[in-house]
Amino acid sequence: MSENISFLGLGLMGTALASSLLAAGHHVTVWNRTPSKAEPLVAEGAVYADTPDKAVGASTLVIVCLLDHASVTQTLDGTPLAGRAVVNLTNGRPVEARQTADWVAERGGDYLGGGIMAVPPMIAKPGALILYSGSRTIYDRYEPVLSVVAEPRFTGADPESAPLLDMAMLTGMYGQIAGFLEAAALVRSAGLPLRDFVATLLTPWLNAMVAQQATWVDSFESGDHSTEVSNLEINRAGLENLVRTFREQGVKPDLLLPLKTVIDQRTARGLGNEGLSGLIEEL
Ligand SMILES: NC(=O)c1ccc[n+]([C@@H]2O[C@H](COP(=O)([O-])OP(=O)(O)OC[C@H]3O[C@@H](n4cnc5c(N)ncnc54)[C@H](OP(=O)(O)O)[C@@H]3O)[C@@H](O)[C@H]2O)c1
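All values derive from a computational prediction rather than experimental measurement.

Now for the overall build of the protein. A tally of helices and strands in the protein yields 12 helices and eight strands. Radius of gyration (C-alpha) of the protein: 24 Å, far over the 19 Å computed for a compact globule of 283 residues. By principal-axis analysis of the C-alpha atoms, the protein measures approximately 65 × 45 × 30 Å. Buried residues in the protein amount to 42% of all 283 residues. For the protein, restricting intrachain contacts to residue pairs at least 6 apart in sequence, the fraction spanning at least 24 positions comes to 58%. Total accessible area on the protein stands at roughly 15100 Å², and carbon and sulfur atoms take up 57% of it. When the 20 basic and 31 acidic side-chain charges of the protein are each reduced to a single mean position, those positions are 6 Å apart.

This is the structure in structure tokens:
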């Protein structure tokens with residue numbers, strides 16, 4: 001079913017999202033602060049609105065993808081939102097999501113926020129995910145539209161939940177990036193074949209370790225961090241060796257040091273017999 005959709009914010013991400021909605025046959029009205037960025041979408045069939053007011057007036061479903069939450073409220077300030085389903089795909093902190101949801105509600109609108117787990121070339125392709133929270137009514141009504149741009153996942157009525165989970169996902173990614181970079185730097189320092197190391201050793205190893213870490217959820221929930229696998233004391237000794245090796249190879253271990261610090265703190269409390277899952281209590 002073709003829907004009327006208004007789309008505000010035609011940066012790199014907004015353009016990819018709006019373009020995929022047009023390609024799926026929806027009737028899309030677009031607005032952007034810099035009007036020239038709308039031209040390629042108008043060529044694809046979008047209708048251009050020259051003010052946010054006119055854009056919001058054109059459709060019940062209003063999707064916003066701007067720089068930050070401040071630019072969202074600035075853009076929509078003074079625009080009546082009564083009866084509008086506002087889907088905000090702008091990145092922000094959980095607290096900001098709640099404030100923007102309240103701000104939209106004060107103006108009569110319903111609010112659904114989304115955290116985009118993809119980059120623009122992934123939009124409308126397998127692997128793209130958007131985490132949503134806020135109005136279940138909007139999510140249920142417009143799920144087919146949301147499904148065009150990425151796999152949608154509703155995470156709860158609390159508008160803070162999607163941005164918090166978004167940040168948790170990015171946290172996991174950054175931690176993995178830290179280990180990946182340190183490992184590659186160490187191998188390069190020894191002049192060993194890096195491409196082969198990444199493809200045949202590091203990548204399968206990381207995949208196997210992630211599967212192992214997933215079993216820690218039982219300990220996170222129960223608070224019982226006893227282990228039959230590998231205790232903190234042995235990991236502390238292992239990291240000590242790692243850090244010394246990095247220094248001997250002339251490579252900075254800076255991305256590893258924070259993990260060592262937390263292990264040292266936990267073992268200093270006499271909890272070296274726990275497993276690595278126990279570090280969650282220290283955090
Ligand atoms: N790109 C990604 O890989 C990616 C991935 C996940 C999530 N996101 C999120 O998607 C959102 C948009 O990102 P993007 O990559 O599209 O960024 P972008 O290319 O820099 O575009 C930013 C958009 O915000 C508009 N804007 C900035 N300040 C504004 C203001 N004060 N008033 C009105 N409009 C304003 C810009 O308008 P002008 O064109 O006039 O400058 C432009 O449309 C961000 O929240 C970002 O975190 C992006």
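There is more to say after this.
Turning next to the domain arrangement of the protein. One frequently used descriptor of interface size is the decrease in accessible area upon assembly of the parts. Each assigned domain of the protein is listed with its residue range as follows: domain 1 (4-156) and domain 2 (165-282). Relative to domain 2, the C-alpha centre of domain 1 lies at a distance of 38 Å. Each partner contributes residues to the interface: domain 1 has 10 residues there, and domain 2 has five residues. Summed over both sides, the interface between domain 1 and domain 2 buries roughly 500 Å², with carbon and sulfur atoms accounting for 77% of that surface. Considering only the side of domain 1, the residues that lose the most area to domain 2 are N91, M117 and L131, jointly responsible for 59% of the buried surface there. Between the two partners, domain 1 and domain 2, sit zero salt bridges. There are zero residue pairs in polar contact (both at pLDDT 80 or more) connecting domain 1 and domain 2. Put simply, the parts of the chain that give the side of domain 1 that touches domain 2 at least two residues each are β6 (110-117) and β7 (129-134). Tallying contributions element by element places β6 first for the side of domain 1 that touches domain 2, with three residues. By residue class, the composition of the side of domain 1 that touches domain 2 is five nonpolar, four polar and one charged.

This paragraph deals with empty space enclosed by the protein. Overall, the coordinates contain one cavity of 30 Å³ or more when judged by the stated rule. Reported here for the largest cavity is a volume of approximately 40 Å³. Around the largest cavity, the lining residues are F7, L17, L21, I63, L89, Y132, V145, L146 and V149. Here the lining of the largest cavity takes three residues from helix α6 (residues 136-149), the largest share from any one element.

Turning our eyes to something else, we now look at the sheet that holds strand β8 (residues 151-154). Strands pair in a sheet through their backbones, by hydrogen bonds, and they do so in one of two ways: parallel or antiparallel. With mixed pairing, the eight strands of this open sheet are ordered in space as β3-β2-β1-β4-β5-β6-β7-β8. This sheet does not close on itself; its edge strands, each paired only once, are β3 (47-48) and β8. Inspection of the sheet shows strand β1 (residues 4-8) paired to strand β4 (residues 61-64) by four bridges, in the parallel sense. Across the sheet, F7 pairs through a bridge with I63, a residue of β4. Most of the contacts of α6 go to β8, to which it runs at about 160°, and overall it touches β1, β4, β5 (85-88), β6, β7 and β8.

So, about the layout of surface pockets. What the second largest pocket holds in volume is close to 860 Å³. The wall of the second largest pocket is formed by 39 residues, among which C65, L66, L67, T90 and N91 lie closest to the centre. The set of elements that each furnish at least two residues to the lining of the second largest pocket consists of α1 (12-23), α4 (69-76), β6 and α7 (161-189). Considering only residue class, the lining of the second largest pocket consists of 21 nonpolar, 15 polar and three charged.

When you tally the buried positions in α4, you get six out of eight residues, the bulk of the element. All buried positions along α4 are accounted for by H69, S71, V72, T73, T75 and L76. With its phi angle positive at about 85°, G78 sits one or two positions after the end of α4.

Close to the ligand lie 22 residues; M13, N32, T34, K37 and N91 are nearest. A distance of 3.3 Å separates an oxygen atom of the ligand from a polar backbone atom of G11. Taking L67, its main chain carries an N or O atom lying 3.2 Å from an oxygen atom of the ligand. When the free accessible area of the ligand is taken as 900 Å², the share hidden by the protein chains comes to 78%. Judged by the proximity of its atoms to the pocket grid, the ligand belongs to the second largest pocket. Of all the secondary structure elements, the ones that give two or more residues to the shell around the ligand are α1 and α4. Across the shell around the ligand, the residue classes break down as 10 nonpolar, 10 polar and two charged.

Attention shifts here to the side chain of S6. Within the secondary structure, S6 sits in strand β1. Leave out the neighbours within four places in its chain, and S6 touches T29, A55, A58, S59, L61, V62 and I63.

Conventions used here
- Residue indices begin from 1 for each chain and proceed along its sequence in written order.
- Totals for whole chains, interfaces and linings use every residue, but because this is a predicted model, local features are given only for residues with pLDDT of at least 70 and side-chain atom pairs only at 80 or more, for both listing and counting.
- Water and hydrogen atoms were dropped before computing side-chain values, which therefore reflect all heavy atoms in the structure.
- The helix count covers DSSP runs of H or I at least four residues long, the strand count covers runs of E at least two residues long, and both are numbered beginning at the N terminus.
- For the radius of gyration, the atoms used are the C-alpha atoms, and the globule rule reads 2.2 Å times the number of residues raised to 0.38.
- Only protein chains enter the accessibility calculation, which uses a 1.4 Å probe; a residue is then buried when its area is under 20% of its type maximum, exposed when over 50%, and partly exposed in between.
- Only heavy atoms enter the contact rule, under which two residues are in contact if any of them lie within 4.5 Å.
- The method behind every accessible area is Shrake-Rupley, applied with a 1.4 Å probe, and residues are considered shielded solely by the protein chains displayed.
- In this tally, Lys and Arg are treated as positive and Asp and Glu as negative; His is ignored, and so are the chain termini.
- All charge positions are set by atom: Lys at NZ, Arg at CZ, Asp at CG, Glu at CD.
- What marks off one domain from the next here is an automatic or database domain assignment.
- Once two parts are brought into contact, the accessible area they lose, counted with a 1.4 Å probe and summed over both, makes up the buried area.
- Salt bridges are defined by distance alone: a side-chain nitrogen of Lys or Arg within 4 Å of a carboxyl oxygen of Asp or Glu.
- Throughout this description, a polar contact denotes any pair of N or O atoms lying within 3.5 Å of each other; where both atoms belong to protein, one of them has to be capable of donating a hydrogen while the other can accept it, and for residues adjacent in sequence the pair is counted only when both atoms sit in side chains.
- Put simply, Ala, Val, Leu, Ile, Met, Phe, Trp, Tyr, Cys and Pro go in the nonpolar bin, Asp, Glu, Lys and Arg in the charged bin, and everything else, Gly too, in the polar bin.
- Only protein atoms enter the 1 Å grid used here, on which a cavity is any set of points holding a 1.4 Å probe that cannot leave and a pocket is any open set flanked by protein within 12 Å on both sides along at least five of seven lines; residues with an atom within 4 Å of a point are listed as lining.
- Grid points are joined across faces, edges and corners, and a volume is the space filled by probe spheres set on the points.
- What makes two strands pair is DSSP finding at least two bridges between them.
- Helix axes use the C-alpha atoms of the stretch in contact, all axes being lines fitted to C-alpha atoms, and the angles between their N-to-C directions lie in the range 0 to 180 degrees.
- Any residue with at least one heavy atom within 4 Å of a molecule or strand is counted as near it.
- What decides whether a molecule sits in a cavity or pocket is whether more than half of its atoms lie within 2 Å of the grid points.

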